[in-house]
Amino acid sequence: MNKGRLSPELKVGIVVLIGFIILFYMSVRIGKYGALGEKGYELKVYLENANGIDSKSPVLIAGVEVGRVISVRLENFKALVRIIVKEGVQVPADSTVAIKTQGVLGDKFLEIIPGKDKKMLSSGEIIKTVKTSPDFDEIFTQVSTAAKKFGDTIGEFQGLIGDKEKANIKNSIENIQAITGEFKEIIKENKQGINSVIANADDALKGLKKIVGDVEAGKGSLGMLIKDEKLYTDVKETMGALKNISKDIEEGKGSLGKLVKDDSLYNEARDTVKNLKDITDGIIKGEGTLGKLAKDESLYVETERAMKKLQKGAEGLTESTPITILGTIFSFIF
Amino acid sequence: MINLFGLERIFNPINGILRELGGMGLMFLNSILLAFRKPLKFNYIFKQMEFIGVKSLGVVVITGTFTGMVLALQSYYGFRKFGAEGLVGTTVALSMTRELGPVLTSLMVTGRAGSAMAAELGTMRVTEQIDALIVMALNPIKYLVTPRVIASFFMLPVLTIISDFVGIVGGWLVGVKLLGINEGAFINKMVKYVDLEDIYNGLVKAACFGIILSVVACYKGFHTTGGAEGVGRSTTESVVISSVSILVADYILTSLMF
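Residues numbered from 1 in each chain as written. Chains lettered and ligands numbered in written order. Predicted model: local features only at pLDDT ≥ 70, side-chain atom pairs only at ≥ 80, totals over all residues.

1. Brief notes about the interface of chain B and chain A
In plain terms, the rule: The contact criterion used here is simple: two residues whose C-beta atoms, placed from the backbone, lie within 7 Å are in contact. Each helix corresponds to a stretch of at least 4 residues labelled H or I by DSSP, and each strand to a stretch of at least 2 residues labelled E; elements are numbered beginning at the N terminus. Any residue outside Ala, Val, Leu, Ile, Met, Phe, Trp, Tyr, Cys, Pro, Asp, Glu, Lys and Arg is labelled polar, Gly included; the first ten of those are nonpolar and the last four are charged.
At the junction of the two partners, chain B supplies 18 residues and chain A supplies 19 residues. At the level of elements, α3 (42-54), α7 (140-178) and α9 (196-222) of chain B are the ones that each hand at least two residues to the side of chain B that touches chain A. When residues in the side of chain B that touches chain A are grouped by element, the largest group, 6 residues, is from α3(B). Grouping the amino acids of the side of chain B that touches chain A by side-chain chemistry returns 14 nonpolar, 1 polar and 3 charged.

In structure tokens, the structure reads:
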């Protein structure tokens, strides 16, 4: 109030102004969406386990903070987490939500893994897919169970192996070593041969493959044999007919049947053969006409003579033939 | 009333505490109600604001700065053990805005302005100036208490936000400039983990503490008995009761807010 000094009102005004400036500055620096002014839209997600997620937990896409959790509430024994996402950040409809951990304090945050859907989620919609990660307790339980089993197995194994078995195993290993060493040498020596064998085998396999392919496709006789059903039915019919024939034969039906079954034919044939034998015996001995014919030389001489005469006669006939023909022509004219 | 701090209190302490509590509550209600009754003398309020706010500024700034500095130093030694020096800024900012800013500011104001209020009013009571006000048909509560309560209510948050700021700046000086913590980590982690709510709740607390300290100081001063000795006793008691009440109220308010 005194002159030359600032009035109390002014002093108070200055201090209050400083206070407001600081408050404003800090609010702007710290200010986040949802609290003051900054706009965003709300999304929901149902989590099986929202352990560590609290209101104000950050929401990240690709490591960039795009929003915050507003509230976590139980609904139908699932955690309904409402999040607010900055205006201008769009979330595809098929996005996935995962709970992740960050920092030394193990802070949990929600990571949105964007999907590929063209459709974007709008305010109040639910992100449906959630990627669950087992929490530490579960992991530790599983690891400890696994470790216990492993320990048991090793224990059993140890009990199983005595000194004798150890020596055996040692021997076996030495043997295996020796064998592999030899094998290695063999391979080294025959490297080229083995290569060519492998190449040949390769070619052969290729050929085989082709053949199998052809057969599969029904090409060639083998293919048809395998693939064509007609042949099978033919064979079946033939076999049926053959069966009938053999049955008939068995029963003595038809000529072949009789031939097979009737004894009389055999007997007759035997008799005939016997008779034939008798006749030939006769012939050999010169008995009868045929025998004489075969054995008697006079007939041959006679025959030769006759033949000679016949030849002469024939020659004469040949010379007189033109005259005879002329005479015949004349008799025709006159 | 005469024996308020004498026999009656010794023999019936619960009765005395309850009576004081009720008296303080009534005084607070009266002062607030009277604030809405014209004429409201703004220059009295501004005078008190100057006394409580502006003149406490230096103490509050120094306290805030060094609190922030020592917080940075201590938390640095703690966090360094597991390589989380980046969290020093967060610790300083959260501690300052949530607790130390409002509480330390209120305690300083209690020590500086609260004691002065109690002494001033106590002297006025002992020298019968308050009785003279009543004779002049001036309501002593409206004339003496209301401006102090209103001034405390408005100035404590202002002092607190300044204390928060200088505390964080002090922490930044020690952490970044002296101990060589990465500045980006310091600032970013701080901004990330401190929310507006932390600051605003701290300010709400400070306003509550302002009411507590002013009401306690005024009540003690208003009901001073026993001459100069009584004034001294009132002053001491007002500081002790205010400080303890502020700390107790801080716990209650914190559990309600966070």
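Further notes follow.
2. Re unusual backbone geometry
Residues and elements named next belong to chain A. Let me state the cut-off plainly: Every C-beta atom is placed from the backbone, and the number of other C-beta atoms within 10 Å of a residue's own sets its class: buried at 20 or more, exposed at 12 or fewer, partly exposed in between.
Phi is positive for Ala62, close to 55°, though the residue is something other than glycine. Looking at the element boundaries, Ala62 is found in the loop between β2 (58-61) and β3 (64-75). Phi is positive for Asn76, close to 55°, though the residue is something other than glycine. Within the secondary structure layout, Asn76 lies in the loop between β3 and β4 (78-86). Here Asn76 falls in the exposed class, since 6 other C-beta atoms lie within 10 Å of it.

3. Describing the sheet that holds β3(A)
Residue and element names in this part refer to chain A. Selection criterion: Criterion used throughout: strands pair if DSSP finds at least two bridges between them.
Read from one edge of the open sheet, 8 strands run β7-β1-β4-β3-β2-β6-β5-β8, paired in mixed fashion. Each edge of the sheet is formed by a strand with only one pairing partner; in this case those strands are β7 (126-127) and β8 (129-131). In this structure, β2 lies alongside strand β6 (residues 107-113), joined through 2 bridges in parallel fashion. Bridging from a neighbouring strand, Leu60 pairs with Glu111 of β6.

4. Let's talk about the packing of helix α2 (residues 13-35) of chain B against α7(B)
All names here are of chain B. Filter applied, for reference: Think of each axis as a best-fit line through the C-alpha atoms, taken over the contacting stretch in the case of a helix, with angles from 0 to 180 degrees between the N-to-C directions. Note on angle classes: values under 35 degrees are labelled roughly parallel, values over 145 roughly antiparallel, values of 65 to 115 roughly perpendicular, and the remainder oblique.
With their axes 9 Å apart at the nearest point, α2 and α7 run at an angle of 95° to one another. Taken together, the axes of α2 and α7 lie roughly perpendicular to each other. Here α2 contributes Met27, Phe28, Asn30, Ser31, Leu34 and Ala35 to the contact with α7, which in turn contributes Ile141, Lys142, Val145, Thr146, Val149 and Ile150. Grouping the constituent residues of the contact of α2 with α7 by class yields 8 nonpolar, 3 polar and 1 charged.

5. What to know about the environment of B:Asp195
The topology assignment puts B:Asp195 in the loop between α8 (183-193) and α9. Taking the number of C-beta atoms within 10 Å as the measure of exposure, B:Asp195 has 18 and is therefore partly exposed. Each C-alpha atom of the pair B:Asp195 and B:Leu94 lies 8.8 Å from the other, and the pair is 101 residues apart in sequence. Excluding anything up to four places from it in sequence, B:Asp195 contacts A:Ile30 and A:Lys56.

6. Points about the packing of α9(B) against helix α10 (residues 227-257) of chain B
Residues and elements named next belong to chain B. For clarity, the threshold we go by: By definition, any crossing whose near helix is turned counterclockwise from its far helix by less than a right angle is left-handed, and any crossing with a clockwise turn is right-handed.
Packing of α9 against α10 leaves a shortest axis separation of 9 Å and a crossing angle of 155°. Considered as vectors, α9 and α10 are oriented roughly antiparallel to each other. Here the hand of the crossing between α9 and α10 comes out right-handed. From α9, Asn201, Lys205, Cys208, Phe209, Ile212, Leu213, Val216, Ala217, Lys220 and Gly221 reach across to α10, where they touch Ser234, Glu237, Ser238, Ile241, Ser242, Ser245, Ile246, Ala249, Asp250, Leu253 and Met257.

Don't take any of this as a statement about function, it's just geometry.
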